[in-house]
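Each chain, written out:
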Amino acid sequence: MGVYAISGASSGIGAKAKELLEQRGHKVVNIDLKDGDICVNLASEEGRKEAVAKLHEMCPDGLDGLICNAGVSGACGNLPLIISLNYFGTIALAKGAHDLLEKKHGSCLVTASNTISQGAGRMDIADLLNNIGDEGRVLKLIEQMDSSNLSVGNSLYVSTKYALARWVRRVSAAWAANGVRINAIAPGNVNTAMTATMSTSAKMALNALPIPTKYGQECLMDADEIAEAMIFLVSDAAKGVNGNVMFVDGGTDALLNSEKVY
């Protein structure tokens, strides 16, 4: 039996990954704002520190895997939350649990998005996240942005996910040299509570992106399609996979970027 931790496992993709891991006999610690084994706000510095401290208390012998999945969409209407939770919360949790993963030669997985290849992100924001890493400075920068504008929220969402994928690539060699694999997963549009509560315009934007494996169907991907890939990437079956950004989107990225092979 392995020991795993997942952030954002109270609903959606994270909940499905937790369910599947537990069905296979593993212990799973859910780190979430509500209904978690560790209930904290990963958008705050205090919450991040508490999450890491409690994870060490609950899993003193180490972790076989960590899935950093907690995040909000660009349609949430809260621009600071997009920055603080999606990027800084994820990075803090991954770094804070590194020693636990190292104990068991475990694997870390970060949830990005297939939108990172579609050009909607603000690269200046992504660069600030990766190269400066000053949360206060980034939050100050976005103060004057229109939180009611969906395109603004989406651009920041994509920026955080791009920065996460790039961070994973940058640290992957050093982490693997210390026995910890790290990868990113880039899901497509999934049928979850997050997408169900989106505005009509946001849903229209989602449906405008084709999903080849769902051709002829007016539906999004199922959470288990992403969760199964998550479990594979943190398992020993993927022991040769490191620093990879795996698109699990039913072929959407390949359709939109068919000439791009790297």
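Look a little higher up for the structure.
Rules used throughout
Residues numbered from 1 in each chain as written. Predicted model: local features only at pLDDT ≥ 70, side-chain atom pairs only at ≥ 80, totals over all residues. Heavy atoms only, no water. Axes fitted to C-alpha atoms, helices over the stretch in contact; angles between N-to-C directions. Helix = DSSP H or I, 4+ residues; strand = E, 2+ residues; numbered from the N terminus. Parallel < 35°, antiparallel > 145°, perpendicular 65-115°, else oblique. Left-handed = near helix turned anticlockwise from the far one by under 90°. Contact = heavy atoms within 4.5 Å. Nonpolar A, V, L, I, M, F, W, Y, C, P; charged D, E, K, R; others polar. Pairing = 2+ DSSP bridges. Buried < 20%, exposed > 50% of the residue type's maximum accessible area, 1.4 Å probe, protein only. Polar contact = N/O pair within 3.5 Å; in protein donor to acceptor, adjacent residues only side chain to side chain. Salt bridge = Lys/Arg side-chain N within 4 Å of Asp/Glu carboxyl O. Core = buried A, V, L, I, M, F, W, Y, C linked by side-chain atoms within 4.5 Å.

A.B. asks: What am I meant to see in the packing of helix α1 (residues 12-23) against helix α10 (residues 223-233) here?
C.D. replies: Helix packing geometry: the angle between the two helix axes and the distance between the axes. Relative orientation of the contacting elements α1 and α10 amounts to 60°, with a least axis distance of 8 Å. Regarding the angle of α1 to α10, the classification is oblique. In the packing of α1 onto α10, the handedness of the crossing is right-handed. In this structure, α1 contributes Gly12, Ile13, Lys16, Ala17, Leu20 and Leu21 to the contact, and α10 contributes Ala223, Asp224, Ile226, Ala227, Glu228, Met230 and Ile231. The class makeup of the residues in the contact of α1 with α10 is nine nonpolar, one polar and three charged.

A.B. asks: What is the right way to read the sheet that holds strand β1 (residues 3-7) from this model?
C.D. replies: Backbone-to-backbone hydrogen bonds join strands into a sheet, with any given pair of strands oriented parallel or antiparallel. The strand order across the open sheet built from seven strands is β3-β2-β1-β4-β5-β6-β7, with neighbouring strands paired in parallel fashion. Since the sheet does not close on itself, it has two edges, and those belong to β3 (38-39) and β7 (245-248), each with one partner. With five bridges joining them, β1 and strand β2 (residues 27-32) adopt parallel strand pairing. What sits directly across from Val3, in β2, is Lys27. Set on the sheet, helix α3 (residues 79-96) makes contact with β1, β2, β4 (65-68) and β5 (107-111); between it and β4 the angle comes to about 170°.

A.B. asks: Explain the environment of Leu139 to me, please; I cannot follow it from the model alone.
C.D. replies: Within the secondary structure, Leu139 is located in helix α6 (residues 135-141). Residue Leu139 is classed as partly exposed on the basis of its relative accessible area of 23%. Residues Leu139 and Leu20 lie 119 residues apart in sequence; the distance between their C-alpha atoms is 36 Å. Excluding its chain neighbours within four sequence positions, the residues that come into contact with Leu139 are Pro80, Ile83 and Ser84.

A.B. asks: Hey, could you run me through the side chain of Ser44 in this one?
C.D. replies: Positionally, Ser44 belongs in the loop between β3 and α2 (45-58). A polar contact of 3.0 Å, which involves the side chain of Ser44, links it to the backbone oxygen of Asn41.

A.B. asks: Would you mind going over the pattern of salt bridges with me for this structure?
C.D. replies: Where charged atoms from two side chains of opposite charge approach closely, those side chains can pair. By the definition in use, this model includes twelve salt bridges. Among the salt bridges present, the one from Glu19 reaches Lys16, with a minimum N-O distance of 3.4 Å. Here Lys16 and Glu19 lie together in helix α1, a separation of three residues that amounts to about one turn. Among the ionic pairs, Glu50 bridges to Lys54, the shortest N-O distance being 2.9 Å. In this pair, Glu50 and Lys54 are both assigned in helix α2, four residues apart and thus about one turn of the helix distant. Exposure remark for Glu50: the relative accessible area of 32% places this residue in the partly exposed category. Under the relative-accessibility criterion, Lys54 is labelled partly exposed at 31%. If you follow the salt bridges from partner to partner, you end up with Lys214, Asp222 and Glu225 in one network.

A.B. asks: So what exactly am I meant to see when it comes to the side chain of Asn69 here?
C.D. replies: Looking at the element boundaries, Asn69 is found in the loop between β4 and α3. Classification of Asn69 by relative accessible area gives buried; the value is 13%. Within polar-contact distance, the side chain of Asn69 engages the side chain of Thr111 at 3.0 Å. The residues contacting Asn69, other than those within four sequence positions of it, are Ile6, Ser7, Gly8, Ile13, Gly14, Thr111 and Met230.

A.B. asks: Before we go on, may I ask you to explain the packing of α2 against α3 in this structure?
C.D. replies: At a minimum axis separation of 10 Å, α2 and α3 run at an interaxial angle of 30°. Overall, the two elements α2 and α3 adopt an arrangement that is roughly parallel. The hand of the α2/α3 crossing is right-handed. Here α2 contributes Arg48, Val52, Leu55 and His56 to the contact with α3, which in turn contributes Ser84, Phe88, Gly89, Ala92, Leu93 and Gly96.

A.B. asks: It is not clear to me how the environment of Gly8 should be interpreted in this structure. Could you clarify?
C.D. replies: Tracing the chain through its elements places Gly8 in the loop between β1 and α1. In the structure, Gly8 is positioned 75 residues away from Ile83 in sequence and 16 Å away in space, judged by C-alpha atoms.

A.B. asks: Help me understand the nonpolar core, please; the structure alone is not making it clear to me.
C.D. replies: The nonpolar side chains of a soluble globular protein tend to be buried with one another. If you look at the biggest cluster of nonpolar residues, it comprises 50 residues, and the most contacted ones within it are Ile31, Leu55, Leu63, Cys108 and Trp167. For this core, the leading source of residues is helix α7 (residues 150-177), giving ten residues. Dropping the residues within four chain positions of it, Trp167 is found in contact with Tyr87, Ile91, Ala94, Lys95, Val110, Asn130, Trp175 and Ile182. With 23 residues, the next largest nonpolar core counts Ile67, Ile211, Ala223 and Met230 among its residues.

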